[in-house]
Amino acid sequence: MDAPKEIFLKDYKLPDYYFDTVDLSFFLGEEKTTVSAKISVVPRVDGVASPLVLDGVDLKLISVKINGNELKEGEFQVGPRHLILTSPPSGNFILETVTEILPHKNTSLEGLYKSSGNFCTQCEAEGFRKITFYQDRPDIMAKDTCRIEANKLLYPVLLSNGNLIEQGDLEGGNHFAIWEDPFKKPCYLFALVAGQLESRDDTFTTCSGRKVALKIWTPPQDLPKAEHAMYSLKAAMKWDEDVFGREYDLDIFNIVSVPDFLGAMENKSLNIFNSALVLASPETTTDADYAAILGVTGHEYFHNWTGNRVTCRDWFQLSLKEGLTVFRDQEFSSDMGSRTVKRIGDVSRLRTRQFPQDAGPMAHSVRPHSYIKMDNFYTATVYEKGAEVVRMYKTLLGSQGFRKGTDLYFERHDGQAVTCEDFFAAMRDANHADFANFLLWYSQAGTPIVKVTSSYNAEARTFSLKFSQTVPPTPGQPVKEPMFIPVAAGLLDSSGKDMPLSSIYHDGKLESVTCCGQPVYTTVLRVTKGEEEFTFSDVPEKPIPSLLRGYSAPIRLQSDLTDDDLFFLLAHDSDGFNRWEAGQILARKLMLSQVVNFQKSSPLVLDPQFVHGIKCILLDSSLDKEFIAKAITLPGESEIMDLMEVADPDAVHAVRKFIRKQLASQLKHEFLNLVKENRSSEKYVFDHTNMARRALKNTALGKK
Ligand code: BES
Ligand code: ZN
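As the structure is a prediction and not an experimental result, all values here were calculated from the model.

A.B. asks: Tell me about the site of ligand 1, and please be specific about residues and values.
C.D. replies: The full set close to ligand 1 counts 14 residues, and Glu124, Glu266, Glu300, Glu322 and Tyr383 are the nearest of them. A distance of 3.0 Å is found between an oxygen atom of ligand 1 and a backbone nitrogen or oxygen belonging to Ala264. Of all the secondary structure elements, the ones that give two or more residues to the shell around ligand 1 are β20 (264-265), α2 (287-302) and α3 (318-336). Tallying contributions element by element places α2 first for the shell around ligand 1, with three residues. Looking at the shell around ligand 1, its residues break down into five nonpolar, four polar and five charged.

Laid out in structure tokens, this is it:
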């Protein structure tokens, strides 16, 4: 009867009952924990007394009361996954339950469990039902209090969401704390921590002058290692004020470092992180780890607005909070380091993690249509492709338009549980924008393949780009519709400079692309059909097009650019991402051609033009050092194999090794110089200049 079943987005129904306030009380024992919950229940439609179904897994029900009266047999049913109140009173009522749970036996890393002797919780997505009987769905948002009682020696620190309103000692060596969260929230954001922890303390003064206490909790010996996480948290708080106008809303913000924890979790004012995502020291932590801590700390903090204040109506909308919050953490890390380098890293990640998913048997849309177990839907598609979808709004609307959109989203939906359409509508309405069929990005799976061919007409001084797009079939979606693809494009003249763009002929209309009389060097072409042409006018000479600048859409682009065009872009494109991309396309072609040689037992050769291209990048002191490191790094072996009909690891390995060796010997002098110039014996500093210096030195040494 209670076997897991497939749940469909189209079957979403509003709950029959809302929960207004919830008072939880935990008695944490060594053998068992007792959880008492007092919930004020409000029917959605007055006078309708349908059964109230509560989720509950691995719980022992001790008692259940309605309006103070203990329920008798027949008035409720308990099963392995639910507690059903068969005929609750009509109108508002108070529901009280007492349950027992066994945290020390809970090894699922969900619900309430023990890690290194401390109690902690993880409730997203559906872990709260392992703590107490509840309507465990994100559209049930309630104001909570939480009383925790435990032995004071074993568990000196007692934490939950919101503000500490009372604490004290009790007889028999116990103590208690009462926390109150003034913001209503879904139960997946509930958290409790109890144990032997100490805090690293700091403060942050918000833009309106409120002083917020910041505490990072770790076992005492790890406190010094929390310095970087604290720096990251303060940077994130400031950035969200500056860039999104989002101020923190409570007087305290806690992060707890837990050794046994999957990833990191944004519980309201009580984030919980796996220790590896909090603790850092120069002796054992790499630059990449420092950067990951910055990004994750930002990510979980940013959820306070994108996920907590405005949450998801149901778990199908997961990308509403995760895609948006990944986008926000990407932008944060960009602003703290190099935008181009961050973008290169994020796109590489998308290509290696999300593209294969979108092309395989697990392909699903950013907003899935159905799921069996929600935990399996925290995917690269929901996260990374979801972030690309958010980025496309920004590409289409510009920074200011995008900010108008998020402002309207928060204004409309603060305190609500909403859908991806609500986000879309806020973006559209704030800008009076026409987004055509943009919503397909949420429902249609598969990576679009876009082909583009170009032609120059010297007499008419026009330059045309002809696009055609297809979306490959994916499981359950054999036939696809054309997508709305924003293609950021610029044209380079023969000296490598961006041409000013004046107007584009498209769809029977001539559209000016200047901006308030100022020339524009990059424009966003809105490709919406299966086949479509854009013709630039007033183009004085044959240009080299720079397409999909900044990787403006999550697609596979196949252009008719020649190797010479690509070398030209590698040397000159003002768009850093496309400069890197041109080098990567050339390197891929080169590697694939040498793989063929290897397989035929012909000698391997390295195109001198490629060596020259790499040399120019190496010696260009105007470039960011981390960018140089990325641009001289060959595509990985798996990326090349992904492009082959039949993967040949031996050949790919031999070819990659051969090219690296050739580059090392032909550019020995340049590489040695870079190592010399970028060495340092100074103390470790986490900042972009130093990280870029180390990245370049290590790449020159051939460490990657
Ligand atoms: N909300 C998630 C945590 C989560 C993940 C809960 C899976 C339940 C199931 C959190 O915001 C998150 O996404 N964390 C990431 C790190 C982040 C930087 C992408 C994680 O835990 O890996
Ligand atoms: Zn997240």
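A.B. asks: I'd like a rundown of the coordination of the zinc ion (ligand 2), residues and numbers included.
C.D. replies: Note on the zinc ion (ligand 2): its protein donors are His299 (NE2), His303 (NE2), Glu322 (OE) and Glu322 (OE). The metal-donor distances range over 1.9 to 2.7 Å. Relative to the metal, the six donor atoms surrounding the zinc ion (ligand 2) lie at angles of 54 to 160°, and the coordination shape comes out irregular. The sequence pattern formed by the donor residues of the zinc ion (ligand 2) is H-x3-H-x18-E. A residue pair is termed long-range when its members are at least 10 positions apart, and His303 in the loop between α2 and β22 (311-312) and Glu322 in helix α3 qualify at 19 residues. Residue classification places Glu322 among the buried residues on the basis of a relative accessible area of 2%.

A.B. asks: If you had to explain the pairing of strand β13 (residues 157-160) to someone new, which residues and values would you point to?
C.D. replies: Across the two faces of β13 the burial is the same, with Val157 and Leu159 and Leu158 and Ser160 all buried. Strand direction decides the pairing type here: β13 and strand β16 (residues 192-195), joined by four bridges, are antiparallel. Residue Leu158 lies in a different strand from β16, and its bridge partner there is Ala194.

A.B. asks: Give me unusual backbone geometry: which residues, what numbers.
C.D. replies: The bulk of non-glycine residues show a negative phi, and the bulk of peptide bonds are trans. At the junction of Glu124 and Ala125, the peptide bond is cis and its omega measures out at 0° in the coordinates. Relative to the helices and strands, Ala125 resides in the loop between β11 (118-122) and β12 (141-151). In the Ramachandran plot, Cys516 falls in the positive-phi region, its phi being about 50° despite a non-glycine side chain. Inspection of the secondary structure puts Cys516 in the loop between β29 (509-512) and β30 (523-527). A residue is classified by how much of its surface remains accessible, and Cys516, at 72% relative accessible area, is exposed. The backbone of Ser601 sits at a positive phi, close to 60°, despite the residue not being glycine. With respect to the helices and strands, the residue Ser601 is situated in the loop between α9 (576-599) and α10 (608-619).

What counts and what doesn't
- Residue positions within a chain follow its written sequence, with the count starting from 1.
- Each chain gets a letter, beginning with A, and each ligand a number, beginning with 1, in the order they are written.
- Owing to the predicted nature of the model, reporting of local features is limited to residues with pLDDT of at least 70; listing and counting of side-chain atom pairs is limited to 80 or more, with chain, interface and lining totals taken over all residues.
- The side-chain numbers reported here are obtained from all heavy atoms of the structure, hydrogens and water having been left aside.
- Neighbouring residues are identified by heavy atoms, a residue being near a molecule or strand if any of them is within 4 Å of it.
- Under the rule applied, a polar contact is a pair of N or O atoms within 3.5 Å (in protein, one hydrogen donor and one hydrogen acceptor; residues adjacent in sequence only if both atoms are side-chain atoms).
- Only runs of H or I of at least four residues qualify as helices and only runs of E of at least two qualify as strands under DSSP, and these elements are numbered from the N terminus.
- Note on residue classes: Ala, Val, Leu, Ile, Met, Phe, Trp, Tyr, Cys and Pro are nonpolar, Asp, Glu, Lys and Arg are charged, and everything else, Gly too, is polar.
- Donor atoms are limited to N, O and S found within 2.8 Å of the metal ion, a distance that becomes 3.2 Å for Na, K and Ca. With water left out, some sites might look partial.
- By the criteria applied here, four donors are tetrahedral when all angles lie between 85 and 135 degrees, four are square planar and six octahedral when opposite donors are over 155 degrees apart and every other angle lies between 65 and 115, and any other arrangement is irregular.
- Here's how the labels work: a residue is buried when its accessible area is under 20% of the maximum for its type, exposed when over 50%, partly exposed in between, all with a 1.4 Å probe on protein chains only.
- Note on pairing: DSSP must find at least two bridges between two strands before they are called paired.

Functional significance is not addressed by these values, which are geometric in nature.
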